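Topology and contacts: notes
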Amino acid sequence: MGVPPGRVTSRAWVRALLRLVFALALPAVLVAVWWAASAGSTNVYWPPLRTVFGVFPDVWTGERLRGDVLPSVLRLAAGYTAAAVAGVALGTVIGSWRAVRALCEPVLEFLRAVPPPVLVPVIMLFAGIGDTMKIAVIASGCVWPVLLNTVEGVRAVDPVLADTARSYGITGVARLRQVVLRSASPQIFAGLRQALSIGIILMVISEMFAASNGLGFTVVQFQRGFAIPDMWTGILLLGLLGFLLSVLFGLAERRVLGWYHGLRESGRRSP
Amino acid sequence: MRGSDAALGAAGCAVFVLLGEAVPRLGLVDEDHFPPAGRIAVALGSELSDTAFWSALGDTLTGWALGLAIAVSAGVVAGVVISVTPYLREVTASTIEFLRPIPSVALIPLAVLLYGTELRSVLLLVVYAAFWQVLIQVLYGVRDVDPVAEETARSYGLGAWARIRHVLWPTALPYVMTGVRLAAAVALILAVTAELVIGAPGLGARIAVAQTSQAVPEMYALIVVTGVLGLLVNVGARAVERRALAWHQSVRGEVAV
C-alpha cells in the first residue's frame, strides 16, 4: 500500500512482459527449429516450412474459407448444440430418479464405450451422406460425455442444499435452474469439454468418409492429389481451429463457472 | 439396495435388446438398415467362429496396447522432467496448451503418406492422442505435492531422485492413474478410427469392409464387439486404478482417525 503507484505498475509490466516471453519463447524456438531443419528438405513428405507458409494464403482463400471451413464449423456447432441440449435434458431426468438411473446405467455405459467413429457407417445407412448424416454423427458421439457427467452431477447435489431449497418452497423450474443445474454445472462443463474434442474428431472423420466439401474432405483431397504442402496447411489449420475452439470454450467456462472458481479460491485461502 | 439396482440394470439391458428386436420387426425402421437383434446375434456368432475376426481383434488390441504403453511412459517421463526442472514448466505451458487441442485425426493424411496401412500409422495417431491425457494429469499431480513434505525431504538431504521416488510420485500417482484411464479409452477410439479410415488391419477395417459390402448385420455385430471392448477397457482401467491406489485410501483413512 505504501508503495508509490508508479512503481507498482512498472513491476506489473515487467511481470506481464516476463510471462509473455515465457509463453512465446518455446513456440518461437520450435517454429525456428522446424523452419531451419526443413529449409533444405528434399523429402516430398516434409516440405520446407517456408513453402507451407508460402502456399497457406493461396490455399485458404476467402472462397475456400466460405465453402469448406464454414460448413464444417456450422455442422460442428449444430451437432454439438444438439448433443449438449439432449445430454443435459436426459441427464437431468436420469440423474433425478434413482430407479431410472439403475435401469439405464448399464445400457448407457455400453453405448458410451462404443468408439464414436464406428457410428459413421451406421448413420450413413439411415441418413445418406448429406449434412444430416454429419450433424447426426457429431451429435451421437458428443452426447455421451455430457449425458453421463450430467447424471453424476445431478446425483451429487448436496442433500442439505436440496432440503433447504425445499423448505424455502423453491420448486419446479426455479429449483431446477438454481439448485440442480447450478450445482451440477462444474461436472456438466467437464463433460462438455470432453465432448468438444470428440466433436472435432467426428467432424473431420465424417467428412473424410463421404462429403463434397469441408475441412476433412479438403485435407484428404490434397493428400490423394499429392499436394503435400497444401495438405500441411490443412493440418495446421485444423490445429488452429482446435486451439481456437478450446480457447473459446475456456472463456465461456470461466464466465459461467466464475462463481465456482471463486468459491474454490476462497475455500483454499480461508483455512 | 444393491441387489435391486442390479436387477433394474439387467431389466434395462433386457428392454434394450427387446427394443432392438421389436422395432425393426414392427416395421418402425427399415430392416435393411437396422436388422433385428436376433440377426445381429447370429452374425456375431459367425464372426466369433471366424479366425479372420480373431486376428483382426488381435491387431486392434496390439495397436491399442502398444500405443498406450508408449504414450503413458512418454507422458510420465516428460511430465516429471518438466515439473522438476526450474522454469521449464512456465516455458512449456503455452506450447502444451496449443498442441493439446489439435485433433489427432488431422494427422491421418500424414500417417497415410508416411506409413500407409502399417501398424505404425495407427500408433502415430494413438500415441499423439493419448500422450496429452497422461502429460496433463502428471503436471496437475505434481503441482499437488505438499510443499511442507517437499521441504522436509529436502532438509533431510534427500537427493533429486529420492524426492521424485518418495515424495513426488506417491502424490502424483492418483492423477497419473486418472490420466491412464482416460488415455486407455482415447487410445481405443483412435486405434479403431485409424483402422476404419486408413484401412490398417483390425476391427475398424473389418467394419469398413462390412459396410461397403452391404453386410449390415455383420457390421452391427462388429460395432457391438468394439463396444464390449470399450467396456472391458474401462472396467479394466478402473480395476488397475483401484489396485495401484489401494494404499492411498488406507493412508488417508489412518490420517483421518
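Bear in mind the structure is a predicted one, so any value in this text is a computation, not a measurement. (Residues numbered from 1 in each chain as written. Chains lettered and ligands numbered in written order. Predicted model: local features only at pLDDT ≥ 70, side-chain atom pairs only at ≥ 80, totals over all residues. Heavy atoms only, no water.)

Details of the overall build of chain A
Operational definition: Only DSSP runs of H or I with at least four residues qualify as helices, and only runs of E with at least two residues qualify as strands; both kinds are numbered from the N terminus onward. Here the globule rule reads 2.2 Å times residues to the power 0.38, and the radius of gyration is calculated from C-alpha atoms. Exposure classes here rest on a 1.4 Å probe applied to the protein chains alone. A residue is buried below 20% of its type maximum, exposed above 50%, and partly exposed in between. Contacts: residue pairs with any heavy atoms within 4.5 Å of one another. Residue exposure ignores everything except the shown protein chains as possible cover, and the areas themselves are Shrake-Rupley values with a 1.4 Å probe. Neither His nor the chain termini are counted; the positive set is Lys and Arg, and the negative set is Asp and Glu. Charge coordinates come from a single atom per side chain, which is NZ of Lys, CZ of Arg, CG of Asp or CD of Glu.
Each helix and strand counted, chain A has eleven helices and zero strands in total. Starting at the N terminus and walking to the C terminus, you meet the elements of chain A as α-α-α-α-α-α-α-α-α-α-α. Its C-alpha atoms give chain A a radius of gyration of 24 Å, more than 25% over the compact-globule value 18 Å for 271 residues. Along the longest, intermediate and shortest principal axes, the C-alpha atoms of chain A span 75 × 70 × 30 Å. Looking at chain A as a whole, 41% of its 271 residues qualify as buried. Relative to all contacts within chain A whose residues are 6 or more apart in sequence, the contacts with residues 24 or more apart total 78%. Summed over all atoms, the accessible surface of chain A reaches about 14400 Å², with 67% contributed by carbon and sulfur. Mean positive and mean negative side-chain charge positions of chain A (24 and 13 charges, respectively) differ by 10 Å.

Topic: the UniProt feature "transmembrane region" (unreviewed entry) in chain B
The criterion, for reference: UniProt positions are given in the numbering used here, feature names are shortened, and annotations may be inferred rather than shown by experiment.
Per the UniProt record, the feature "transmembrane region" (unreviewed entry) sits at residues 64-86, 98-116, 122-142, 172-199 and 219-240 of chain B. Within residues 172-199 of chain B, the helical portion is 96% and the strand portion 0%, while the C-alpha atoms at the span's ends are 38 Å from each other.

Description of the interface of chain B and chain A
To be explicit about the condition: By convention, the term buried area covers the 1.4 Å-probe accessible surface removed from two parts as they join, with the contributions of both added. Salt-bridge detection follows one rule: a side-chain nitrogen of Lys or Arg within 4 Å of a carboxyl oxygen of Asp or Glu.
Each side of the interface is counted separately: chain B has 51 residues, and chain A has 48 residues. Both faces considered, chain B and chain A share a buried interface measuring about 4400 Å² in area, 81% of it formed by carbon and sulfur atoms. Seen at the junction of chain B and chain A, the total is zero salt bridges. Sorting the residues of the side of chain B that touches chain A by element identifies α1 (2-25), α4 (88-99), α5 (108-115), α8 (160-198), α9 (203-212) and α10 (216-244) of chain B as the ones contributing at least two each. Tallying contributions element by element places α10 of chain B first for the side of chain B that touches chain A, with eleven residues.

Structural notes on the side chain of Ser185 of chain A
Residue and element names in this part refer to chain A. By secondary structure assignment, the location of Ser185 is in helix α8 (residues 172-209). The buried category is assigned to Ser185, whose relative accessible area is 10%. Not counting chain neighbours up to four residues away, the residues in contact with Ser185 comprise Leu257 and Trp259.

A few points about a nonpolar patch on the surface
All names here are of chain A. What counts is decided by this rule: Patch criteria: residues need more than 30% relative accessible area and no salt bridge. Like-charged residues are merged within 9 Å; nonpolar side chains of Val, Leu, Ile, Met, Phe, Trp and Tyr are merged within 5 Å.
There is a patch of nonpolar side chains on the surface, built from Leu17, Leu20, Val21 and Leu24 and spanning about 400 Å² of accessible area. Residue position: Leu17 is located in helix α1 (residues 5-39). Given the relative accessible area of 52%, Leu17 is considered exposed.

Points about the layout of surface pockets
This is how it is decided: Only protein atoms enter the calculation, which uses a 1 Å grid: trapped sets of points that fit a 1.4 Å probe without letting it out are cavities, open sets showing protein on both sides within 12 Å along at least five of seven lines are pockets, and any residue with an atom within 4 Å of a point is a lining residue. Grid points are joined across faces, edges and corners, and a volume is the space filled by probe spheres set on the points. Any residue that is not Ala, Val, Leu, Ile, Met, Phe, Trp, Tyr, Cys, Pro, Asp, Glu, Lys or Arg is counted as polar, Gly included; the first ten are nonpolar and the last four charged.
Roughly 800 Å³ of internal volume is contained in the second largest pocket. As for the second largest pocket, its lining consists of 26 residues, and the residues nearest its centre are Trp34 and Leu236 of chain A together with Phe98, Leu99 and Ile102 of chain B. Secondary structure elements with two or more residues in the lining of the second largest pocket: α1, α2 (49-59) and α10 (228-256) of chain A together with α4, α5 and α6 (119-143) of chain B. Broken down by element, the lining of the second largest pocket gets its largest block of residues, seven residues, from α1 of chain A. Across the lining of the second largest pocket, the residue classes break down as 23 nonpolar, three polar and no charged.

Quick look at the UniProt feature "transmembrane region" (unreviewed entry) in chain A
Those places that UniProt annotates as "transmembrane region" (unreviewed entry) correspond, in this numbering, to residues 16-37, 77-97, 118-147, 195-220 and 232-252 of chain A. For the annotated span residues 118-147 of chain A, helix accounts for 87% and strand for 0% of the residues, and the straight-line distance between the end C-alpha atoms is 20 Å.

Some points on the pattern of salt bridges
Residues and elements named next belong to chain A. Considering all chains together, one arrives at twelve salt bridges over all chains under this definition. A salt bridge links Glu109 to Arg112; its shortest N-O distance comes to 3.2 Å. Taken together, the residues Glu109 and Arg112, both in helix α4 (residues 98-113) and three residues apart, mark about one turn of the helix. The class for Glu109 is partly exposed, based on a relative accessible area of 27%. Residue Arg112 is classed as partly exposed on the basis of its relative accessible area of 33%. A salt bridge links Arg155 to Glu152; its shortest N-O distance comes to 3.8 Å.

With respect to the packing of aromatic side chains
We count it as follows: Stacked, tilted and edge-to-face are the three classes applied to pairs of Phe, Tyr and Trp rings, where Trp contributes its six-membered ring and a pair requires centres within 6.5 Å; stacked means planes under 30 degrees apart, edge-to-face means over 60, and tilted covers the rest.
Per the stated rule, a full pass over the model turns up seven aromatic pairs over all chains. Ring geometry for Phe189 of chain A and Phe249 of chain A: centres 5.9 Å apart, planes at 55°, overall tilted. With a gap of 60 residues between them, Phe189 of chain A in helix α8 and Phe249 of chain A in helix α10 connect regions that are remote in the sequence. Residue classification places Phe189 of chain A among the buried residues on the basis of a relative accessible area of 12%. Given the relative accessible area of 9%, Phe249 of chain A is considered buried. Through a chain of ring-to-ring contacts, three or more aromatic side chains come together here, namely Tyr128, Phe131 and Trp132 of chain B.

Section: the side chain of Arg181 of chain B
All names here are of chain B. How we decide: Distance and chemistry together define a polar contact, namely a pair of N or O atoms within 3.5 Å, with one atom able to donate a hydrogen and the other to accept it when in protein, and with adjacent residues in sequence counting only for side-chain atoms on both sides.
Here Arg181 lies in helix α8. Looking at Arg181, its side chain comes within polar contact range of the side chain of Glu241, at 2.6 Å. Contacts of Arg181, omitting those with residues within four sequence positions, involve Ala237, Arg238 and Glu241.

Quick look at the UniProt feature "domain: ABC transmembrane type-1" (unreviewed entry) in chain A
According to UniProt, the feature "domain: ABC transmembrane type-1" (unreviewed entry) maps to residues 69-253 of chain A in the numbering used here. Here residues 69-253 of chain A runs as 87% helix and 0% strand, with 25 Å between its end C-alpha atoms.

Quick word on the nonpolar core
Keep this limit in mind: For this analysis, a nonpolar core means a set of buried residues of the types Ala, Val, Leu, Ile, Met, Phe, Trp, Tyr and Cys, connected via side-chain atoms within 4.5 Å.
By size, the foremost hydrophobic cluster in this structure holds 134 residues, and its most contacted members are Leu192, Met203, Leu215 and Met231 of chain A together with Leu203 and Met219 of chain B. Leaving out residues up to four positions away in the same chain, Leu203 of chain B has contacts with Phe53, Ala56, Leu57, Thr60, Glu195, Leu222, Val225, Thr226 and Leu229 of chain B.

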